[in-house]
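Inside the fold
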Amino acid sequence: MLPEEDFLASEEALRQAMLSSDVAALDALLSDDLLFVSHTGSVLDKEADLESHRSGALRLTRVDFTDTHFRYLSAGAVVVVHAALSGEFQGAHFEGNFRYTRVWQVVDDAPQVVAAQCTAVG
């Protein structure tokens, strides 16, 4: 099993990739089998997530992760973070606070997100 620091480093790499819309980095960090439940309740796959960055529909100007909770699983880990986000989605400005839950699995000795869920918080 990878040390906790490796999963947390992957969380930071994911944060940086989200902020810069680095599709190549996101592609490496997200499992091909990704299921992501957005704050609206929509279920997205990896391609939909990547496409929002690739097309420019989603442009993040702030991605701050705090209040991190970590738990090991038999083949990976669960990480829960508070995220302060701002940016534009389809041309409309947004900003808010969210709680992300991500399930990381280890593939070829590297963590990848296989499932994630986002909840808007006050």
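Before reading on, note that the structure itself is shown above.
Residues numbered from 1 in each chain as written. Predicted model: local features only at pLDDT ≥ 70, side-chain atom pairs only at ≥ 80, totals over all residues. Heavy atoms only, no water.

Notes on unusual backbone geometry
Of note, the phi angle at Gln90 is positive, near 50 degrees, even though the residue is not glycine. In this structure, Asp109 takes a positive phi of about 65 degrees despite not being glycine. Residue position: Asp109 is located in the loop between strand E5 (92–107) and strand E6 (110–121). Residue classification places Asp109 among the exposed residues on the basis of a relative accessible area of 68%. (Helix = DSSP H or I, 4+ residues; strand = E, 2+ residues; numbered from the N terminus. Buried < 20%, exposed > 50% of the residue type's maximum accessible area, 1.4 Å probe, protein only.)

So, the pattern of salt bridges
Applying the stated criterion across every chain yields a total of eight salt bridges. When the shortest N-O distance is used, the salt bridge between Arg102 and Glu11 registers 2.6 Å. A residue pair is termed long-range when its members are at least 10 positions apart, and Arg102 in strand E5 and Glu11 in helix H1 (residues 4–20) qualify at 91 residues. Assessed through its relative accessible area of 4%, Glu11 is described here as buried. In this structure, the salt-bridge partner of Arg62 is Asp64, at a minimum N-O distance of 2.7 Å. (Salt bridge = Lys/Arg side-chain N within 4 Å of Asp/Glu carboxyl O.)

Some details on the sheet that holds E6
Read across the sheet, six strands follow the order E2-E1-E6-E5-E4-E3 without closing on themselves; strand pairing throughout is mixed. Sheet topology places strand E2 (43–44) and strand E3 (58–73) at the edges, where each strand pairs with a single neighbour. The pairing of strand E1 (residues 30–37) with E2 spans two bridges and is classified as antiparallel. Of the residues in E2, the one forming a bridge with Phe36 is Leu44. The sheet contacts of H1 involve E1, E3, strand E4 (76–89), E5 and E6, and relative to E3 the element is tilted by about 165 degrees. Here helix H3 (residues 46–54) sits on the sheet and contacts E1, E2 and E3; the angle it forms with E1, its principal contact strand, is near 85 degrees. (Pairing = 2+ DSSP bridges. Contact = heavy atoms within 4.5 Å. Axes fitted to C-alpha atoms, helices over the stretch in contact; angles between N-to-C directions.)

Thoughts on the environment of Ala9
As for its placement among the helices and strands, Ala9 is situated in helix H1. With a relative accessible area of 47%, Ala9 lands in the partly exposed category. For the pair Ala9 and Asp108, spaced 99 residues apart in sequence, the C-alpha to C-alpha distance is 16 Å.

Quick notes on H3
For H3, the set of buried residues is Lys46, Asp49, Leu50, Ser52 and His53. One side of H3 carries all its buried residues, which in axial view fall inside an arc of 155 degrees. Residues of H3 that are buried sit in contact with H1, helix H2 (23–29), E1, E2 and E3. For H3, the N-terminal cap is Asp45; the gap from its side-chain oxygen to the backbone nitrogen of Glu47 is 3.3 Å. One or two residues past the end of H3 sits Gly56, with phi positive at roughly 85 degrees. (Arc of directions from axis to C-beta. Polar contact = N/O pair within 3.5 Å; in protein donor to acceptor, adjacent residues only side chain to side chain.)

Digging into the nonpolar core
By size, the foremost hydrophobic cluster in this structure holds 28 residues, and its most contacted members are Leu14, Met18, Leu26, Leu30, Tyr100, Trp104 and Val113. When neighbours within four sequence positions are excluded, Leu30 is seen to be in contact with Leu14, Lys46, Asp49, Leu50, Gln112 and Val113. (Core = buried A, V, L, I, M, F, W, Y, C linked by side-chain atoms within 4.5 Å.)

Re the environment of Glu95
With respect to the element layout, Glu95 can be found in strand E5. Accessibility expressed as a relative area gives 59% for Glu95, which makes it exposed. Between the C-alpha atom of Glu95 and that of Ser31, which follows or precedes it by 64 residues, the distance is 27 Å. Excluding residues that lie within four positions of it along the chain, Glu95 makes contacts with Leu85 and Ser86.

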